[in-house]
Structure formats: structure tokens, C-alpha cells
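Commentary on secondary and tertiary structure
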Amino acid sequence: MNNFVLTAILTVISLSLLSSEPISVMKYIEQNDITQPRQMASVFQRCSGYFAASYKYLPENDPKLGKVKQQSIQLGETAAVLAQFLLEKESTVKIQDLRNINVEQIKFFSDYYLQMLQSAESKSGSPLSSETSETLTSCVRFVRYGSQKLLSSDPENKSK
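Residues numbered from 1 in each chain as written. Predicted model: local features only at pLDDT ≥ 70, side-chain atom pairs only at ≥ 80, totals over all residues. Heavy atoms only, no water.

Take the state of the cysteines next. Scanning all chains against the criterion turns up one disulfide. Covalent S-S linkage joins Cys 47 and Cys 139, the inter-sulfur distance amounting to 2.2 Å. Here the disulfide of Cys 47 and Cys 139 is left-handed, its torsion about the S-S bond being about -80°. Of this pair, Cys 47 sits in helix H3 (residues 37-57) while Cys 139 sits in helix H6 (residues 130-153), and the two are 92 residues apart along the sequence. We note that Cys 47, like Cys 139, is buried. (Disulfide = S-S within 2.5 Å. Helix = DSSP H or I, 4+ residues; strand = E, 2+ residues; numbered from the N terminus. Buried < 20%, exposed > 50% of the residue type's maximum accessible area, 1.4 Å probe, protein only.)

So this is what it looks like as C-alpha cells:
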């Protein structure tokens, strides 16, 4: 029993430390082995946070941006679900605890990317600096590819 509690605590701490560094998605991918579920989950958390920040950042009443905001919601939700799936896949921590960790990390990255978007706009007049633009394109590709890859390799989905 003590080993289980210790394992759970260490897993929670390591998950928090791994995904709380505010570096760009591409830098994180370069510095980590994203073939490992926890590291891949952190990428999805970062992307979900980016899409949440984009949604918050875009103006409410601009009809031209309605579709963009809707896509931000969809991609953000997909990234959050993929992160949760990966966290649950190899963890001994209770699912509800993993959900709480996932949500907290996504909120952290959402705040981080919102500040990044605001800073880019104040400097250049556009929220799409080189880093925010790179994050956007990387996350769109990663979430779309990741969802296809993970869902197609999930043994439960193959048997249905």
C-alpha cells in the first residue's frame, strides 16, 4: 500500500514538473522524447492551452472570426482528450486525479499563451509573431495527426 501511495505521489509530481515549463511547443518536442506517453500528453496539454488562449484572445463579436473560434474550441478539446487518454494509458493514479492534473496544466498553458499573444500584438500589431505562428501551425498538425494516429492504434477502437 505504501509503495502504491509513493508511486502515485511521484507520478503526480513528475507530471506537474514535466509539463509546467513555459517553453514553446517546438522547443519542448526537440528537448523531449515524445514517443513517451507523458511527454506526448504534455505536448497536447500545451496545444490545448494554446487553442484556449486563442479562443479567449479573439474578439467576441466579430462574425468573420466565428469559424476560427469554433475551430479553436474543437482543436483544444481534441488536444485535451488526447492528453487525458495518454495520461490514463500508463498511470496508476486515479482517473479523477489525472483529470485534475490535465485541466490544471491546460489552464497554466492557456494563461501562458494568452500573455504571449497579447505581448506579440503589443510589439508588432499582430498576435502572430514567429513563435505564436509556429505554435499555431505545429499544434494544428500535431493534434490532427495525433488524433488519427492514436485513435487508429487504440485496440478498443479496432475491435469495434
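End to end, H3 covers 30 Å across 21 residues, agreeing with the expected 30 Å (1.5 Å per residue, within 8%). With 17 of its 21 residues buried, H3 lies for the most part within the structure. (Expected span 1.5 Å × (residues − 1).)

By the definition in use, this model includes one salt bridge. In this structure, Lys 56 and Asp 111 form a salt bridge, with 3.9 Å as the shortest nitrogen-oxygen distance. Taken together, the positions of Lys 56 in helix H3 and Asp 111 in helix H5 (residues 95-124) put the pair 55 residues apart, joining distant regions of the chain. (Salt bridge = Lys/Arg side-chain N within 4 Å of Asp/Glu carboxyl O.)

Before going further, it helps to examine the nonpolar core. Judged by nonpolar contacts, the single largest core of 31 residues is most densely connected at Val 43, Phe 44, Cys 47, Phe 51, Tyr 113 and Val 143. Secondary structure elements with two or more residues in this core: helix H2 (25-31), H3, helix H4 (66-89), H5 and H6. In terms of residue count, H3 provides more of this core than any other element does, nine residues in total. Here Tyr 113 is in contact with Ile 23, Ser 24, Val 25, Arg 46, Gly 49, Tyr 50, Ala 53 and Thr 135, once residues within four sequence places are set aside. (Core = buried A, V, L, I, M, F, W, Y, C linked by side-chain atoms within 4.5 Å. Contact = heavy atoms within 4.5 Å.)

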